[in-house]
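# Notes for the structure review
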Amino acid sequence: MPESSAVEHSDRPESDRAGTRRELIDRWTEILLAVMLGAVALATAWSGYQSARWGGVQSVLFSKAGALRTESTRASTQAGQLVMVDIGLYSNWINAYAEDSEDLAAFYVQRFRDEFRPAFDAWLETDPANNPNAPSSPFDMPEYTLSTLKESEQLEREAEATFEEGLDANQQSDDYVLNAVILASVLFLAGIASRFDWLPVRIAVVVAALVLLAIGLYNIIVYPVS
């Protein structure tokens, strides 16, 4: 009888210590989960906000790229029209020159555009009437340039660069959406962690949630902000 009482007396403190340890673990787990839920809520809201912001940046950049392409097309069309003017005046000059009509030829020369005149003068210096190696027309001369064509090409390059920026903004918006999904997984794991009575499983779930939370917070730190 005394021996049985001694055994019960020795087992009771160990059982109490185990119960106290479990209560302490549960308490700290609850605190940790509460902190995680708060951090996840803020991080998720920030990811959603940034995703929306980058989506707006993407729309603005795509619209700007479209406007630049429209201006590029307009400038290219104008360049084509100016080329037709140059060709028309040059053809008339050729006909007047062929007919030895110097006054008429001079009349057309005076009406050459400022951008065409340097190419025409440089072409004449090659003596095309007697030099078989001379360029066939002033349009083959390096001096023949069109400012509107250069403007069109510059606008097209700007449009392409702006469109690429829009694609980058779109990708950034998608990255923030993915980060929000990662953080939502943390919410799920944190929500079910307390439902597991078996301590190893609960710890595993909490650790998994912490890892995902760390990834989500790291992404927020390294991602660009709009």
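You'll find the structure just up there.
Residues numbered from 1 in each chain as written. Predicted model: local features only at pLDDT ≥ 70, side-chain atom pairs only at ≥ 80, totals over all residues. Heavy atoms only, no water.

### Things to note about the overall build of the chain
Note the threshold: Segments assigned H or I by DSSP are reported as helices when at least four residues long, segments assigned E as strands when at least two residues long, and all are numbered from the N terminus. Partly exposed residues are those whose accessible area sits between 20% and 50% of the maximum for their type, while under 20% is buried and over 50% is exposed, using a 1.4 Å probe and protein chains only. Note on contacts: a residue pair qualifies if any of its non-hydrogen atoms lie within 4.5 Å across the two residues. Accessibility throughout is a Shrake-Rupley quantity obtained with a 1.4 Å probe, and a residue counts as covered only by protein chains that appear here.
Looking only at helices and strands, the chain features 5 helices and 0 strands. Starting at the N terminus and ending at the C terminus, the chain contains elements arranged as α-α-α-α-α. Every one of the 226 residues in the chain was classed for burial, and the buried ones make up 30%. Contacts in the chain between residues far apart in sequence, at least 24 positions, make up 76% of those at least 6 positions apart. Accessible area of the chain: about 14,200 Å², with a carbon and sulfur share of 60%.

### Some points on the packing of aromatic side chains
For any pair of aromatic rings, the description consists of the separation of the ring centres together with the inter-plane angle of the planes. Quick reminder of the rule: Aromatic pairs are defined between Phe, Tyr and Trp rings, using the six-membered ring for Trp, whenever the two ring centres lie within 6.5 Å; interplanar angles under 30 degrees are classed as stacked, those over 60 as edge-to-face, and all others as tilted. In this scheme, Lys NZ or Arg CZ marks a charge over a ring once it lies within 6 Å of the ring centre and within 35 degrees of the ring normal.
On inspection of all chains with the given rule, the structure shows 18 aromatic pairs. Taken together, a centroid distance of 6.2 Å and an interplanar angle of 20° make the contact between Tyr 90 and Trp 93 stacked. Pair noted here: Tyr 90 and Trp 93 are both in helix 1 (residues 2-98), with a separation of 3 residues, about one helical turn. Joined through ring pairs, the aromatic side chains of Tyr 90, Trp 93, Tyr 97, Phe 112, Phe 116, Phe 120, Trp 123, Phe 139 and Tyr 144 make up one cluster. The ring centre of Phe 163 lies 5.5 Å from the NZ or CZ of Arg 69, which sits over that ring.

### As for the nonpolar core
Heads up, the rule is: By nonpolar core is meant a set of buried Ala, Val, Leu, Ile, Met, Phe, Trp, Tyr and Cys residues that side-chain atoms within 4.5 Å join together.
The biggest cluster of nonpolar side chains holds 18 residues, and the ones touching the most others in it are Tyr 90, Trp 93, Phe 112, Phe 116, Phe 120 and Trp 123. Elements that contribute at least two residues to this core include exactly helix 1, helix 2 (102-110) and helix 3 (117-125). Among the elements that make up this core, the one with the highest residue count is helix 1 (6 residues). Val 40, Val 186, Ala 190 and Val 205 belong to the second largest nonpolar core, which has 13 residues in total.

### A short note on helix 3
To keep it simple, the criterion reads: Here, the arc refers to the directions that run from the helix axis to the C-beta atoms.
Turning to helix 3, its buried residues number three or more, namely Ala 119, Phe 120, Ala 122 and Trp 123. Each buried residue of helix 3 sits inside an arc of 165° when the element is viewed along its axis, so together they form one side. Positive phi appears at Asp 127, one or two residues downstream of helix 3, with a value of about 55°.

### Examining helix 2
Because an α-helix completes one turn every 3.6 residues, residues spaced three or four positions apart along the sequence face the same direction. Within helix 2, the full set of buried residues consists of Ala 105, Tyr 108 and Val 109. Down the axis of helix 2, the buried side of the element spans an arc of 105°, and every buried residue falls inside it. Of the exposed residues in helix 2, those oriented more than 90 degrees away from the buried face are Asp 103 and Gln 110.

### Points about unusual backbone geometry
Excluding glycine, most residues fall at negative phi; most peptide bonds, likewise, are trans. Not every positive phi belongs to a glycine, and Asp 100 is a case in point at roughly 60°. Along the chain, Asp 100 falls in the loop between helix 1 and helix 2. A positive phi angle is found at Asp 127, which is not glycine, with a value near 55°. Tracing the backbone shows Asp 127 in the loop between helix 3 and helix 4 (147-193).

### Overview of the pattern of salt bridges
Applied cut-off: Note on definitions: salt bridges are taken to be side-chain nitrogens of Lys or Arg within 4 Å of carboxyl oxygens of Asp or Glu.
Under the defined criterion, the tally for this structure stands at 6 salt bridges. Where Arg 74 meets Glu 71, a salt bridge forms, and the shortest distance between an N and an O atom there is 3.1 Å. With Arg 74 and Glu 71 both in helix 1 and 3 residues apart, the pair spans about one turn of that helix. Take Arg 74: its relative accessible area is 41%, and that puts it in the partly exposed class.

### Some remarks on a nonpolar patch on the surface
To keep things clear, this is the line we draw: Patch membership is restricted to residues that have no salt bridge and whose relative accessible area is over 30%. Joining uses 9 Å for like charges and 5 Å for the nonpolar side chains Val, Leu, Ile, Met, Phe, Trp and Tyr.
Where nonpolar side chains cluster on the molecular surface, the patch consists of Ile 203, Val 207, Val 211 and Ile 215 and spans about 320 Å² of accessible area. Mapped onto the elements, Val 211 comes out in helix 5 (residues 199-222). You can call Val 211 partly exposed: its relative accessible area is 45%.

### A closer look at the environment of Val 186
Relative to the elements of secondary structure, Val 186 occurs in helix 4. Through-space distance from the C-alpha of Val 186 to that of Met 36 is 8.2 Å; in sequence the pair is 150 residues apart.

None of this, on its own, says anything about what the molecule does.
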